[in-house]
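Read off the chains here:
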Amino acid sequence: MEDNPDAIRKAYEQGGFRPRLVHGSADSGQRSDEPFALRPLRIADQRSIPHRQWIYGAHLIRGFVTLLVAPGGTGKSSLLLAMCMAIATGRALLGTRIHQQCNAAILNLEDPQDEIDRRLTALAMHYGVTDEDIAGRLFASPAERVVNIAGIGDDGFSVVHPDEKQIIERVRDENIGVLGVDPFAESHTLEENSNPAMIKAAAAWRRVARSGNCSVILAHHVRKGMVDSIEAARGAKALTDSARIGLLLSSMTEADASDLGIPAEDRLQYVRLDDAKANMSARAPKASWFRLATVTLDNADATYPQGDRVGVIESWQPTSVWDATPVPTLNEALDRIDAGLPGGSRYTNSRRGESNERWAGTVLMDLCNLQDGQAAAMIKTWIKNGVLEVRSYRDPIQRHDRMGLWVNATKRPGAVHG
């Protein structure tokens with residue numbers, strides 16, 4: 001058997017290393033009919049170990065729960081629906097790799113059916129998806145159906161799981177690979193701020209993922225205040241601790257808008273997705289960006305002469321200022337910086353106090369059409385790679401020593417080195 005990976009894998013699975021889960025009315029999956037026992041571990045042949053069943057990038061994996069945390073208005077529901085459409089069609093609609101094309105379903109626990117219809121139709125229009133592309137592959141729960149994965153029993157203290165068994169059965173019947181729950185707060189009736197209660201609710205969804213051999217993604221709101229990590233999730237911390245993968249969706253900040261060249265008035269059209277918790281894979285080195293676009297439906301009538309405008313989410317890649325700015329323009333800006341200011345003062349990399357009037361970033365903002373954050377980043381890069389040099393000089397106007405900028409001609413963009 002040592003030379004037969006398939007036989008080893010079969011023995012590995014039959015040896016009890018995959019959990020046996022039992023689903024009852026109270027605390028289902030917590031106990032087994034089998035007596036408790038310990039099994040000796042062994043180092044398995046690596047060829048016999050089943051591969052992790054990733055479905056969508058490094059975000060969704062069979063048998064595990066992903067938590068998607070976001071403030072209201074950031075396009076959380078649109079993102080979840082677009083992810084499910086991408087998985088069902090096998091098309092990387094948002095730029096994320098689809099490892100497995102499979103059936104996907106949304107437990108729609110917040111919106112009426114006509115709103116789901118609007119969003120789905122708008123997404124289909126935006127991405128050129130037809131009804132045939134998703135037929136038998138994309139599902140949603142009826143808007144009128146309440147779901148309760150975990151609640152308090154009739155005795156007033158035990159936790160029961162009224163819908164767990166039915167959800168698992170439907171997942172299996174429809175061969176669902178990804179199950180989105182939108183929102184998590186509407187899927188249970190336990191106390192949201194109780195750690196023991198959230199452990200029970202999260203465990204129930206984990207059992208759905210394992211017994212249904214699917215990936216469960218829970219959409220969840222944030223509490224009031226700063227949204228800078230997955231710990232901004234509303235309610236008890238046990239929920240974020242229980243999720244294997246945590247994603248944080250947030251609006252573009254003023255600082256990000258400045259750095260990326262987005263006008264301040266447009267920044268809320270852009271959102272970023274961060275790997276806030278990545279226990280199953282390496283954390284992504286940088287955020288994924290999306291733009292909230294708008295699709296107008298052809299559903300105007302006498303009362304409403306304009307069709308519904310529906311938000312859709314699309315992948316967005318920030319443009320590098322270096323790629324967007326021609327080399328001659330960069331050198332023109334360097335010429336102006338190297339020439340200095342009228343009267344003999346030099347430009348500076350500092351924006352503190354009176355130095356702000358001499359800040360070289362104003363030249364870049366004028367000639368290269370950059371935001372101040374982009375200009376600051378460009379100056380910092382040029383100083384680091386030696387294009388700009390900071391030197392001391394005698395200011396003829398102030399009549400004292402100051403620090404100023406000079407250009408190293410040998411390191412200019414496009415310079416030829418002999």
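Conventions used here
- Residues numbered from 1 in each chain as written.
- Predicted model: local features only at pLDDT ≥ 70, side-chain atom pairs only at ≥ 80, totals over all residues.
- Heavy atoms only, no water.
- Helix = DSSP H or I, 4+ residues; strand = E, 2+ residues; numbered from the N terminus.
- Buried < 20%, exposed > 50% of the residue type's maximum accessible area, 1.4 Å probe, protein only.
- Contact = heavy atoms within 4.5 Å.
- Expected span 1.5 Å × (residues − 1).
- Pairing = 2+ DSSP bridges.
- Phe/Tyr/Trp six-rings, centres within 6.5 Å; stacked < 30°, edge-to-face > 60°.
- Core = buried A, V, L, I, M, F, W, Y, C linked by side-chain atoms within 4.5 Å.
- Salt bridge = Lys/Arg side-chain N within 4 Å of Asp/Glu carboxyl O.
- Axes fitted to C-alpha atoms, helices over the stretch in contact; angles between N-to-C directions.
- Parallel < 35°, antiparallel > 145°, perpendicular 65-115°, else oblique.
- Left-handed = near helix turned anticlockwise from the far one by under 90°.
- Nonpolar A, V, L, I, M, F, W, Y, C, P; charged D, E, K, R; others polar.

Enquirer: Would you explain the overall build of the chain in this entry?
Expert: Along the backbone of the chain there are twelve helices and 15 strands. Taken across its 418 residues, the chain has 46% of its residues classed as buried. Sequence-distant contacts, at least 24 apart, represent 64% of the contacts inside the chain between residues at least 6 apart.

Enquirer: Got a minute to help me understand helix H2 (residues 76-89) in this structure?
Expert: Since the α-helix turns once every 3.6 residues, residues separated by three or four places project in the same direction. If you check H2, its first and last C-alpha atoms are 20 Å apart, about what 14 residues at 1.5 Å a residue would give, namely 20 Å. Within H2, 14 of the 14 residues are buried, which leaves the element mostly enclosed by the surrounding structure.

Enquirer: Looking at this structure, how should I read the pairing of strand E3 (residues 65-69)?
Expert: Looking along a regular strand, one sees the side chains alternate between the two faces of the sheet. A large share of E3 lies buried, amounting to five of its five residues. Residues Val65, Leu67 and Val69 line one face of E3 and the alternating positions Thr66 and Leu68 line the opposite face, and both faces are buried. Two elements, E3 and strand E9 (residues 215-220), share five bridges in a ladder whose sense is parallel. Looking at the pairing, Thr66 lines up with Ile217 of E9.

Enquirer: Would you mind going over the packing of aromatic side chains with me for this structure?
Expert: For any pair of aromatic rings, geometry is given as the distance between the ring centres together with the angle between the planes. Counting across every chain of the model gives four aromatic pairs. With a centroid separation of 5.7 Å and 70 degrees between ring planes, the pair formed by Trp322 and Trp382 is classed as edge-to-face. In this pair, Trp322 is assigned in helix H9 (residues 321-324) and Trp382 in helix H12 (residues 372-384), connecting sequence segments 60 residues apart. Residue Trp322 is classed as partly exposed on the basis of its relative accessible area of 33%.

Enquirer: Would you take a moment to explain the nonpolar core for this structure?
Expert: Of all hydrophobic cores here, the largest spans 46 residues; its most connected members are Tyr56, Leu79, Ile87, Leu94, Val178 and Ile313. A total of ten residues in this core trace back to one element, the largest contributor, which is H2. Setting aside residues up to four positions removed in sequence, Ile313 forms contacts with Gly75, Ser78, Leu79, Ala82, Leu94, Leu123, Tyr127, Val271, Phe290, Arg291 and Leu292.

Enquirer: What exactly am I supposed to notice about the pattern of salt bridges here?
Expert: Opposite charge on two side chains lets them pair, provided their charged atoms get close. All told, the structure shown has 21 salt bridges when counted by the stated rule. Here Arg272 and Asp256 are joined by a salt bridge, their closest N and O atoms 3.3 Å apart. Residue Arg272 is located in strand E11 (residues 270-278), and its partner Asp256 is located in helix H8 (residues 254-260); the two are separated by 16 residues in the primary sequence. Judged by relative accessible area, Arg272 falls into the partly exposed class, the value being 22%. Its relative accessible area of 16% is what places Asp256 among the buried residues. For Arg391, the salt bridge is made with Glu389, and the minimal N-O distance between the two is 2.9 Å. Linked by salt bridges that have partners in common, Asp111, Asp114, Glu115, Arg118, Arg119 and Asp308 make up one network.

Enquirer: For this particular structure, what's the right way to read the packing of helix H5 (residues 164-173) against helix H6 (residues 195-211)?
Expert: Describing two packed helices takes the angle between their axes plus the distance from one axis to the other. The N-to-C vectors of H5 and H6 enclose an angle of 30 degrees; their axes lie 9 Å apart at closest approach. Judged on the interaxial angle alone, H6 and H5 are roughly parallel. Seen from above, H5 lies across H6 with right-handed handedness. Touching Glu164, Ile167, Ile168 and Arg172 of H5 are Ala204, Trp205, Arg207, Val208 and Ser211, all from H6. Across the contact of H5 with H6, the residue classes tally to five nonpolar, one polar and three charged.

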